[in-house]
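What follows is the residue order along each chain.
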Amino acid sequence: DAGGFVAVWNAASGRRLRTLRGHAVGVHVFAVRVLPDGERVVSLAGDCSAIVWDLRSGSVLRRIVQRRCDRAGEAHRTLRVFADGDQIVTGITRHFDGKSVAVANATSGEALHRFAQSQGGVRFLDASRDGRRLLTASEAYVYIWPLDARGGAARRFSHVYFGHVHGAVFAEDSSRFVTVSRSPDALVAWDVRGGFSSLARSWSRLHAIAPIPGSGRFAVISQGPGLVAPTLLGHRVHVLALAGAREVWRVAA
């Protein structure tokens, strides 16, 4: 929201339950995620802060301030939560400090990791389900960062051959990740240790990808033929299994 607040709604009735106020008035709230315990929610806004809220009471549990943040700019910010709910990842895309991401403890606010891509601004973020790796992606490269005690350098994957990255997420087994691109349209499965394991080019104008928890499948959105601008009408949702990037079934939106 551009008013600096977060609204909590009842999904069944459509009734607003409460309004969470804590970000600066007038800033954009770029991302909101519910933590796995279902009792906390984290929001990321243009005032350079991530706030962890108590979902029931609406109180602020922790405020995490981003370093070197451009308050005046129109930077888009992105947010992810690890599966254990103990860590949150924040990133600023395409602007000042746009190549960096930070990992913080959701309870204490302690800074745990900070990484910077060598090329391109951060467009996409994801955290592996086992909590051992972080994925960041620019238009042309995907980076896999180790988060375990041994640390080490990031592994960089070039996406130049497959076109601009339009989405990047980890597979459920954490040993692979999947990217989608356009011009050319491609759905690519990669091994985190290096190289891609499968490639599919059966859909037109791919837009986004998201994992379906507990299923080992992904939802991929493509644009129907004949449309230029992305709209809801004409889009298709494909549900795909990772093995061979085989399409399981498809639903027209």
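All values derive from a computational prediction rather than experimental measurement.

Caption draft 1: Representation of the sheet that holds strand β15 (residues 164-170) in the model. The sheet built from four strands is open, its strands ordered β15-β16-β17-β18 with antiparallel pairing. A strand with exactly one partner marks an edge of an open sheet, and here the two such strands are β15 and β18 (196-200). For this sheet the average axis-to-axis angle between neighbouring strands, irrespective of direction, equals 20 degrees. Two strands pair when backbone bridges link them, and strand β16 (residues 176-182) and strand β17 (residues 186-191) are joined in this way by six bridges, in the antiparallel orientation. Each bridged residue has a counterpart across the sheet, and for arginine 176 the counterpart in β17 is aspartate 191.

Caption draft 2: Just the sheet that holds strand β13 (residues 141-146), in detail. Strand order in the open sheet formed by four strands is β11-β12-β13-β14, and the pairing between neighbours is antiparallel. A single partner strand is all that each edge strand has here, and the edge strands are β11 (124-127) and β14 (155-158). Adjacent strand axes in the sheet meet at a mean angle of 15 degrees, parallel and antiparallel pairs treated alike. Across five bridges, the pairing between strand β12 (residues 133-137) and β13 is antiparallel. Residue pairing across strands places threonine 136 opposite tyrosine 143, the latter belonging to β13.

Caption draft 3: Just the pattern of salt bridges, in detail. Tallied over the entire structure, the rule returns four salt bridges. Salt-bridge contacts for arginine 129 lead to aspartate 126; the nearest nitrogen and oxygen are separated by 3.6 Å. Owing to a relative accessible area of 30%, arginine 129 belongs among the partly exposed residues under this scheme. With a relative accessible area of 8%, aspartate 126 lands in the buried category. A salt bridge links aspartate 191 to arginine 193; the nearest nitrogen and oxygen atoms lie 2.8 Å apart.

Rules used in this analysis
Residues numbered from 1 in each chain as written. Predicted model: local features only at pLDDT ≥ 70, side-chain atom pairs only at ≥ 80, totals over all residues. Heavy atoms only, no water. Pairing = 2+ DSSP bridges. Helix = DSSP H or I, 4+ residues; strand = E, 2+ residues; numbered from the N terminus. Axes fitted to C-alpha atoms, helices over the stretch in contact; angles between N-to-C directions. Salt bridge = Lys/Arg side-chain N within 4 Å of Asp/Glu carboxyl O. Buried < 20%, exposed > 50% of the residue type's maximum accessible area, 1.4 Å probe, protein only.

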